[in-house]
Amino acid sequence: MSDRLPVQPWMTSGPARRVMQALEGERPGSARFVGGCVRNALLDMPIADVDIATQLTPDVVERVMRAAGIAVHPTGVEHGTLTVVADNHPFEVTTLRRDVETDGRRAVVAFTEDWAEDAQRRDFRLNALYADPDGALHDPTGGGLEDARERRIVFVGHAETRIREDYLRILRFFRFNAWYGRGAPDPEGLAACGALRAGLESISVERIWSELKKLLGAPDPVPALRAMAAAGVLEQATPEAGDLDGLERLVSLERNEGFVPDALLRIAALIGRDAGATKSLTRRLKASNEERDRLVSAARDDTPVSVAMADRDIRRTLYLSGAAVFRDRVMLDWAAQGGDAKGWRRLLSMTDGWVRPVMPVGGDDVLAAGVPAGPAVGEAMRRIESAWVDSDFTSTRETLLKLARPGA
Ligand code: ATP
Ligand code: MG
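Residues numbered from 1 in each chain as written. Chains lettered and ligands numbered in written order. Predicted model: local features only at pLDDT ≥ 70, side-chain atom pairs only at ≥ 80, totals over all residues. Heavy atoms only, no water.

Peer 1: Could you clarify how one ought to interpret the pairing of strand β4 (residues 81-86) in this entry?
Peer 2: A regular strand places its side chains so that they alternate between the two faces of the sheet. With 5 of its 6 residues buried, β4 lies for the most part within the structure. Bridge count for strand β3 (residues 71-76) against β4 is 4 bridges, and the pairing is antiparallel. Bridge pairing links A71 to V85 in β4. Linkage of β3 to β4, two consecutive antiparallel strands, is achieved through a turn of 4 residues, within which G80 is found at a positive phi near 90°. One ladder, built from 6 bridges, connects β4 with strand β5 (residues 89-95); its direction is antiparallel. If you follow A86 over to β5, its bridge partner there is H89. (Buried < 20%, exposed > 50% of the residue type's maximum accessible area, 1.4 Å probe, protein only. Helix = DSSP H or I, 4+ residues; strand = E, 2+ residues; numbered from the N terminus. Pairing = 2+ DSSP bridges.)

So this is what it looks like as structure tokens:
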């Protein structure tokens, strides 16, 4: 690993160069790439977003961007962050900062021109690496490059002190271990996370939920989660979700069978089949309605799946549960029960291109057949639908309409 980043397409791509040139035009040497983009480029992993650190204050950044025809949005201007959009590509440009005051959740910051001070307030040495526009690397903490080489996650400075400044760093420690770590987590960091885990109580549930999903999205989150459980952090963060063996089975299924990791499905596996626990976790962490519905549907056992199902039972279950819920249940049961991959794949293949059949009879038809308006219509519709499903969706409109009036 050299002290220079091999020049990457995202660094030289039009939009990144435009932004860097605008900043450097104001003052040479005043802007560097930082954080995830530098880290991932060093580790040869895909880059999610490009963060830029600069000595220029936000008002100057805003002026030079506008002069260069680049749009500016004050997304976190009180913390010195502007989102600038060049040719439809967003970049977060943040003025170098040092913490003035921290309370475990948020910080009061002051601007600085000192790269080393900016590095001191970042969480891990690996996340405090900076790259000039030409790729020259800077490692102000002195440990970031070595950590990248060794693939270890080490706090900048004293772990306990850094966690007390922002308890979310406990979860970030496990997230970065899951994604980029190798071997056992750094002992000092791990011990500090365990000792201070109760501090997670003070962190907003939205931040916890978002961090948890990122952790579960790692290629193999199981070792980091086991370390998290052993340190008491998993129980602290998600008392409802501790089925590590279940999660491990799903992760190996994904790997062996070539499925793309799905963080939410992994959370379902970690909770285990428990609709009550699922409801409590999603309510407590304020998951979105869509996330909650998906997790709760996957956990319920009203329309079970099994590898031995006949095709017509699969069609019935698909109709009753929907294809997305059906897929989730197949994956979870396959992971839990194992067995014949061909059999499980047959179930999944039936969801490909599945279109929910439309019943050939509607409420108007039932009324026209002489059923009086009111609750009788609903009753008739339910009777007809159940006969139609029982017929494997083959009954004709004529046959079904005969059921509109019982005994008719
Ligand atoms: P990715 O974007 O791939 O999730 P990242 O490292 O860029 O990873 P971000 O959350 O985008 O993560 O943060 C960008 C950088 O800001 C981090 O690399 C780190 O240096 C710093 N940072 C972010 N959150 C914190 C925090 N809670 N405490 C200290 N530093 C942080
Ligand atoms: Mg980032």
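Picking up after the structure, the text goes on.
Peer 1: Where do I start with the domain arrangement of the protein in this structure?
Peer 2: The parts lose accessible area when they come together, and the size of an interface is often stated as this lost area. One can read the domain layout of the protein as domain 1 (1-150), domain 2 (156-300), domain 3 (302-349) and domain 4 (363-401). Inter-centroid distance (C-alpha atoms) of domain 3 to domain 4 is 28 Å. Counting from both sides, the interface comprises 4 residues of domain 3 and, opposite them, 7 residues of domain 4. On the domain 3 side of the contact with domain 4, R312, R316 and Y319 bury the most area, a combined 82% of that side's loss. Taken together, the connections running from domain 3 to domain 4 amount to 2 salt bridges. Notably, a salt bridge pairs D390 with R316, separated by 2.5 Å at the nearest N-O pair. Taken together, the connections running from domain 3 to domain 4 amount to 4 residue pairs in polar contact (both at pLDDT 80 or more). Considering only residue class, the side of domain 3 that touches domain 4 consists of 1 nonpolar, no polar and 3 charged. (Domains from an automatic or database assignment. Contact = heavy atoms within 4.5 Å. Buried area = accessible area lost by both parts, 1.4 Å probe. Salt bridge = Lys/Arg side-chain N within 4 Å of Asp/Glu carboxyl O. Polar contact = N/O pair within 3.5 Å; in protein donor to acceptor, adjacent residues only side chain to side chain. Nonpolar A, V, L, I, M, F, W, Y, C, P; charged D, E, K, R; others polar.)

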